[in-house]
Amino acid sequence: MAAVQVASSLPSGQPREAPREAIPERGNAFRRLSARLCALRPDDSSSARTEIHLLFDQLISENYSEGSGVAPEDVSALLVQACRLVPLNQNHLVSKVSQLIHHLLNRLQVIVDEQHLDFLLAYTISAIHQCSSWTHMEILQALAALVYCNGSKCQKYLPELLGKTGLLMKLSDLAQSDPEVRRAAVHCMANLCLSMPGQPYLEEPYQNICFQAFLTILQSPKSSDMDDITFCMLLQNALKGIQSLLNGGRMKLTQTDELGALLAVLKKFMFHGLPGLNIEMPTVLYPTPLPQYDGRTPIKPQQSESSASRPTLNKKKKSKVKPKKIQQGEEEEKESSGEIEAASVTGTGRVNLHEGNAWSPSSLGVQSLPLDGSGAAGKDGVSSPFSSSSWKRVSSSESDYSDAEGGMQSKMRSYQAKVRQGALVCFLSTIKSIEKKVLYGYWSAFIPDTPELGSPQSVSLMTLTLKDPSAKTRACALQVLSAILEGSKQFLSVAEDTSDHRRAFTPFSVMIASSIRELHRCLLLALVAESSSQTLTQIIKCLANLVSNAPYNRLKLSLLTKVWNQIKPYIRHKDVNVRVSSLTLLGAIVSTHAPLPEVQLLLQQPCSSGLGNSNSATPHLSPPDWWKKAPAGPSLEETSVSSPKGSSEPCWLIRLCISIVVLPKEDSCSGSDAGSAAGSAYEPSPMRLEAFSSLPNDRQILCITVLLGLNDSKNRLVKAATSRALGVYVLFPCLRQDVIFVADTANAILMSLEDKSLNVRAKAAWSLGNLTDTLIVNMETPDPSFQEEFSGLLLLKMLRSAIEASKDKDKVKSNAVRALGNLLHFLQPSHIEKPTFAEIIEESIQALISTVLTEAAMKVRWNACYAMGNVFKNPALPLGTAPWTSQAYSALTSVVTSCKNFKVRIRSAAALSVPGKREQYGSVEQYARIWNALVTALQKSEDTIDFLEFKYCASLRTQICEALIHLLSLASASDLPCIKEILELNGNMVQSYIVQFLKSGAEGDDTGAPHSPQETDQMVRMALKHVGSIQAPAGDTARRTIMGFLEEILAICFESSGSQGALPGLRNQ
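Residues numbered from 1 in each chain as written. Predicted model: local features only at pLDDT ≥ 70, side-chain atom pairs only at ≥ 80, totals over all residues. Heavy atoms only, no water.

## Thoughts on the packing of aromatic side chains
What counts, and what does not: Only Phe, Tyr and Trp rings are paired, with Trp represented by its six-membered ring, and only when their centres lie within 6.5 Å; those with planes under 30 degrees apart are stacked, over 60 edge-to-face, the remainder tilted. Helix and strand definitions follow DSSP, with helices as H or I runs of at least four residues and strands as E runs of at least two, each counted in order from the N terminus. Relative accessible area decides the class of each residue, using a 1.4 Å probe on protein chains only: under 20% of the type maximum gives buried, over 50% gives exposed, and in between gives partly exposed.
Tallying each qualifying case throughout the model produces 15 aromatic pairs. Between the aromatic rings of Phe491 and Phe508, the centroid separation amounts to 6.2 Å while the plane-to-plane angle is 70°, which identifies the pairing as edge-to-face. On the criterion of sequence distance, the pair formed by Phe491 in helix H23 (residues 489-492) and Phe508 in helix H24 (residues 508-529) is long-range, its members being 17 residues apart. Judged by its relative accessible area of 34%, Phe508 is partly exposed. Between the aromatic rings of Phe872 and Tyr889, the centroid separation amounts to 5.3 Å while the plane-to-plane angle is 45°, which identifies the pairing as tilted. Taken as a pair, Phe872 in helix H42 (residues 858-872) and Tyr889 in helix H43 (residues 884-898) lie far apart in primary sequence, 17 residues in all.

Following this line, the structure appears as structure tokens:
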């Protein structure tokens, strides 16, 4: 037996003492125990073995939490040392060290670095091979913790883990006798599939292996030796694994059978354990417009379960329930999220590694590691219906645990609800990974239809919304329904039921219309029955999505009237998110197919209609007159759209919106943020430029001083508002040229960018973007003093902060990349020449390139392309010769040809046309790739599956034509052959689009002011003149071909316009 001996001195690998302020006592305890462990040496002594056991027990029993002052590298080093001390022939010690690995990584939220991962993986894999089977459960838990978000770093071990005879494949097989070991093996596979943003994904062959393994698990019935809770946890892990593959691995479901099999199991487990319901599903769902097989197994009615399937709404009792106090951090996260969303787990947070309970509330919306098996969320999560902060706001009767239930039944229902949530969120990821036209083939499988007389309602997403006892599950079902409805305008446009159809068959248009009516009916029922503010917000947002896409001009009247009348009371709901979503819904109604006669009639109703007697239906309303404190004038009730007396007063809805904008914020505090009412009373509201300019100088200084001081506030709501206000002030012309003010503001914003609150960081990033806009404006002034006086060290600091912020959440990232582009544009030759700037410039550009290519929100990618265009505007940067040149152009050409969002394509084409010199485009091959990509993008400018993108087609073609003409006007003699080759293949297509561009002029888009037809004509003439001036080698026909191409374009425009003098001199070129 290996034992240990205390060495005379500590090894050099002892965990380092990092300099920290006020290191917590728990951090000191860890260091003390770590030092004792690192001082041990292998030896044959039974007393030393006992000491190892005691040390491991002490390390496990420490009350760790995030922020304990323990460095991640120290944890990894300790685990390596622990494994070195434990030989594989000692089962008890191997079990104990496995528990230690799992416990420390789980509680301290550590992702093992690559340096230590290799050793620890080799150790755990060998342990499974060599140790007794009773240790496998603990070893697999340790393995799951090690591979979490490290799948791309485990390539060397993937054949051994996931090969045909791989370790995890054998242990997760249906033949595995121990159900707990099987579940733990599936949990390991799910963690292997989870990847961190910016890291390589699991290789495609292993993605397919894991997907098939997860799908097989979901399709297989529960084995007789597996208890219900273990089965639920197994299902959660399999669902989690598929979701990670669809999100992180970008796995594409291209085969109909593969997609149909996944949708079949997802629909089955969406209703898993739902009281009073048990459905049988076919193995595969196939796309069809008809309602699909939906076999519900008859079950004996159970009074206890059916009565508990949905909380009974007792308004009087509900009003007496005192809401639990919400901690400061929870308020901030709700503030930061604005409206509640169900987010998929793609971030750097953790799911539960201890029990494999991957579908805890935190894993649905809060990307943070639960501290134990209960699924409690960490503090850095995004607010969602499934986060710990939001479910605490649900009254006790609506939570997964009811006081009337106890023991195993309560726990069982909780786990079943998590399976349903897991299936729904996996479905949400599936929706995002397939084309909408494919998704709508399965419309009838998930969207309700009006039932025939005497037949039961088909099970659908609305079944969960109306009957699920868990508010989190209801909100998740609504989130999925919203995703299906989003962008469905083209599909729903075929609906029609304005006339009675008396035929032997039901037309498809009538079926879709019937489905739309049923969605209205069910959502309005859910609106009345719902008492959870978070779920209520989702219902209203879902209604807004439905209203935005339904063709009401082809449907019978009254649908909008019912929605209008039922939503009006909610504009004065206690919860601010409900009020915001209610106004959004009203806006969607007003703008649908405008001017819709039904809506015009609704706007003419007095505002009191539907508001006066609504308290019984909506228990959480503010005082009825909270929004009637409008400026002097006729009362809101007396105001209508068109007064018979010719009154010019606006309608009540306009008055309401104006009153909300101009009234003080004291009435806007909701129940969810009531705890911070005192803080919000001190929030600074950005002052208008006119008001600020009119203040005396000493008052202006006072305002600035107060703002800069409030930036240090401990109240993060105040801090966020201060950051935003500074972002407004820095745009004022009277302040933006003040170098000291701009520098002070920059330092304050950079400090806020490091805040723990996402809301503060998002506001700070927005202000940093504004501040860098100011730098660009100051560059364009004749006086160079601002650039000369602005600190180079501060510029370096801003660049570093912007790079870090570009790795943050999308809310921060979108403005961080905007700031990076402005900063790189602002750099002067004196900065670029310094060695200290060389590395940071390279890092900044690489951050922009990765953001352009990443599958982030389209707003983020648009800003990244915009920033890249700004970088190209700086003549001092070595564009064309620097190594990053080809990477930057490659990223932009990839986006312009393949991005789903046309506005992002437009912005990337605009960036490609920024460089003003031929040498900035690099080599002849690079120039040819750009030209070819633009021609391909022009060819694909109408290829889109999203109906909403069609309105940007013309703007995209305009921008691409401008870029092509710009490139021609800079071409060199060596570029002409490649241009000629492309024109010979696609010349007619390119010519037709450029002629169209010249005839119509450049339409206004997001790239700047439109050009007149005269300006566009002049652009082509300049390109023709430049090509004509190129000295081509004798016998080269490329120059003549390109000139002929341009002359023919101008001739076609001349003939169509009949303009005189359009062609003189062309043939003399």
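## Thoughts on the pattern of salt bridges
Heads up, the rule is: Within this document, salt bridges are pairs made up of a side-chain nitrogen of Lys or Arg and a carboxyl oxygen of Asp or Glu, the two lying within 4 Å of each other.
Following the criterion strictly, the structure yields 18 salt bridges and no others. The residue Glu180 makes a salt bridge to Arg183 at a minimum N-O spacing of 3.4 Å. In this pair, Glu180 and Arg183 are both assigned in helix H9 (residues 179-193), three residues apart and thus about one turn of the helix distant. According to the relative accessible area criterion, Arg183 is buried, its value standing at 1%. Measuring nitrogen to oxygen at the nearest pair gives 2.7 Å for the salt bridge that ties Arg1021 to Asp1017. You can see Arg1021 and its partner Asp1017 sitting in helix H48 (residues 1013-1029), four residues apart, about one turn around the helix. Judged by relative accessible area, Asp1017 falls into the partly exposed class, the value being 23%. Among the charged side chains, a salt-bridge network with shared partners connects Arg716, Lys719 and Asp755.

## Looking at the packing of H43 against helix H44 (residues 902-912)
Keep this limit in mind: Lines are fitted to the C-alpha atoms to define the axes, a helix being fitted only along its stretch in contact, and any angle between axes, read from their N-to-C directions, falls within 0 to 180 degrees. When describing relative orientation, an angle under 35 degrees is termed roughly parallel and one over 145 degrees roughly antiparallel, while 65 to 115 degrees is termed roughly perpendicular and anything else oblique. Throughout, a crossing is termed right-handed when the near helix is turned clockwise from the far one, and left-handed when it is turned anticlockwise from it by less than a right angle. Whether two residues touch is decided by their heavy atoms; if any such pair falls within 4.5 Å, the residues are in contact. In this classification, the charged set is Asp, Glu, Lys and Arg, the nonpolar set is Ala, Val, Leu, Ile, Met, Phe, Trp, Tyr, Cys and Pro, and all remaining amino acids, among them Gly, are polar.
In the contact formed by H43 and H44, the axes pass within 8 Å of each other and the chain directions differ by 140°. What the angle tells us is that H43 and H44 run oblique. Seen from above, H43 lies across H44 with left-handed handedness. On H44, the residues touching Tyr889, Leu892, Thr893, Val895, Val896, Thr897 and Ser898 of H43 are Val904, Arg905, Ser908, Ala909, Ala911 and Leu912. Classifying every residue of the contact of H43 with H44 gives eight nonpolar, four polar and one charged.

## Describing helix H35 (residues 739-752)
Which entries qualify depends on this criterion: Expected helix span is given by 1.5 Å per residue-to-residue step, counting one fewer step than there are residues. Whenever a nitrogen or oxygen atom comes within 3.5 Å of another N or O atom, the pair is scored as a polar contact, on the condition that within protein one atom can donate a hydrogen and the other can accept it, and that pairs from neighbouring residues in sequence are kept only if both atoms are in side chains.
For H35, built from 14 residues, the straight-helix expectation of 20 Å at 1.5 Å per residue is met to within 8% by its first-to-last C-alpha distance of 20 Å. Taken together, the buried positions of H35 are Val739, Phe741, Val742, Ala743, Thr745, Ala746, Ala748, Ile749, Leu750 and Ser752. Taken together, the buried residues of H35 touch helix H32 (697-710), helix H33 (716-729), helix H34 (733-736), helix H36 (758-779), helix H37 (785-789) and helix H38 (792-805). N-capping of H35 is provided by Asp738, with a side-chain oxygen placed 3.1 Å from the backbone N of Ile740.

Geometric values such as these leave the question of function open.
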